[in-house]
Amino acid sequence: MTEAASQLGMKESDTYRVVDFHTIAVELTESRNDTEYELVLDRVMQFKSLGVCTYLDDFGTGYSNFDRILSLKLDVVKFDRSLLLMANKDENSQFILNYFSTAFKKLGYKVLYEGVETDEQETICVNSHADYLQGFKFSKPIPIEELKNFLSPIQE
């Protein structure tokens, strides 16, 4: 057992399902609380040492602090749907969206856009260097029981 797994409360005597940590993603939201930040930073480092992919959720809402975002060394930045809705309305907002996306890409982050519902929004995201798109345009939330049927055409 790795030290990071031990620090997360896992013990050798515990029985766990065997899951490759590289298949797990953890999403974090920003906090303005300094004590929470230190705990989050510690946990992110533990997750990363296990190979868990880490996401910053809802970028563009709340308390975006670039110093903290950069110090966390996350894998993916998820742009909040509200940024996409603004970019859908005017060119200045599209410019800002593209600017932030380009900056994160140059820093080694992957970029995911949440809330894509239309072809026009998809085009904005693709033009803004999206790595991943998420939204009702592609699928509504699926109960776990139905996931196998949803994925079966892909597997064939």
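Per chain, residue numbering runs from 1 following the sequence as it is written. Under the rules for a predicted model, residues below a pLDDT of 70 receive no local features and side-chain atom pairs below 80 are neither given nor counted, while totals for whole chains, interfaces and linings still include all residues. Side-chain calculation: all heavy atoms of the structure are included, whereas hydrogens and water are not.

A. Fine view of the overall build of the protein chain. Under the scheme used here, helices are H or I runs from DSSP no shorter than 4 residues and strands are E runs no shorter than 2 residues, and both carry numbers assigned from the N terminus. Looking only at helices and strands, the protein chain has 7 helices and 5 strands in total. Secondary structure elements of the protein chain, listed N to C terminal, follow the sequence α-β-α-β-α-β-α-α-β-α-β-α. Of all 156 residues assigned to the protein chain, the portion counted as buried reaches 30%. The criterion used for residue contact is that any of the two residues' heavy atoms lie within 4.5 Å. At a minimum sequence separation of 6, the contacts of the protein chain that also span at least 24 residues come to 56%. Total accessible area computed for the protein chain in this model is approximately 10,400 Å², and 54% of it derives from carbon and sulfur atoms. Each residue gets one of three labels from its accessible area relative to the maximum for its type: buried under 20%, exposed over 50%, partly exposed in between, using a 1.4 Å probe on protein chains only. Computed with a 1.4 Å probe, the accessible areas rest on the Shrake-Rupley method; for each residue, only the protein chains presented here act as cover.

B. Quick peek at the packing of aromatic side chains. The rule is short: rings of Phe, Tyr and Trp, with Trp giving its six-membered ring, pair when the centres are within 6.5 Å, and they are stacked under 30 degrees, edge-to-face over 60, tilted in between. Following the criterion strictly, the structure yields 11 aromatic pairs and no others. Taken together, a centroid distance of 6.1 Å and an interplanar angle of 70 degrees make the contact between Tyr 99 and Phe 100 edge-to-face. Put simply, the rings of Phe 59, Phe 66, Phe 79, Phe 95, Tyr 99, Phe 100, Phe 104, Tyr 109 and Tyr 113 pair up and form one aromatic cluster. Positioned above the aromatic ring of Phe 136 is the side chain of Lys 140, whose terminal nitrogen or guanidinium carbon lies 4.8 Å from the ring centre. Only when the NZ of Lys or the CZ of Arg is both within 6 Å of the ring centre and within 35 degrees of the ring normal is a charge said to sit over the ring.

C. Seen up close, helix α6 (residues 119-127). Gln 121, Ile 124 and Cys 125 are the residues of α6 that are buried. The buried residues of α6 occupy one face: seen down the axis, they fall within an arc of 95 degrees. Facing away from the buried surface of α6 by more than 90 degrees, the exposed residues are Asp 119, Val 126 and Asn 127. Next to the buried residues of α6 lie α4 (81-87), α5 (91-106), β4 (110-113) and β5 (132-133). The positive-phi residue at the C-terminal boundary of α6 is His 129, with phi of around 65 degrees. It is the directions from the helix axis to the C-beta atoms that the arc portrays.

D. Inspection of unusual backbone geometry at higher detail. One non-glycine residue, Asp 58, lies in positive phi territory at about 60 degrees. The topology assignment puts Asp 58 in strand β2 (residues 53-59). Phi at Lys 73 is positive, roughly 55 degrees, even though this residue is not glycine. Following the sequence through the fold, Lys 73 ends up in the loop between α3 (66-72) and β3 (76-79). You can call Lys 73 exposed: its relative accessible area is 56%.

E. Main features of the side chain of Lys 78. For Lys 78, the position within the fold is in strand β3. Here a polar contact is taken to be a pair of N or O atoms separated by no more than 3.5 Å, where protein atoms must pair a possible hydrogen donor with a possible acceptor and residues adjacent in sequence count only if both atoms sit in side chains. Among the polar contacts listed, one links the side chain of Lys 78 to the side chain of Glu 27, at a separation of 2.8 Å. Within the local environment of Lys 78, its side chain forms a polar contact with the side chain of Glu 114, the two groups lying 3.3 Å apart. In this structure Lys 78 touches Glu 27, Tyr 55, Leu 56, Asp 57, Asp 58, Phe 59, Leu 112, Glu 114 and Gln 134, once residues within four positions along its chain are discounted.

F. A look at α5. Expected span, for any helix, means 1.5 Å times one less than how many residues it has. If you check α5, its first and last C-alpha atoms are 22 Å apart, about what 16 residues at 1.5 Å a residue would give, namely 22 Å. Within α5 the residues assigned to the buried category are Ser 93, Leu 97, Ser 101 and Phe 104. Taken down its axis, α5 places every buried residue within 65 degrees of arc, on the same side. Exposed residues pointing more than 90 degrees away from the buried face of α5 are listed as Glu 91, Asn 92, Phe 95, Tyr 99 and Lys 106. Residues of α5 that are buried in the fold lie against β2, α3, β3, α4, β4 and α6. Its side-chain oxygen placed 3.0 Å from the backbone nitrogen of Asn 92, Asp 90 serves as the N-cap of α5. Directly after α5, the chain includes Gly 108, whose backbone phi takes a positive value near 95 degrees.

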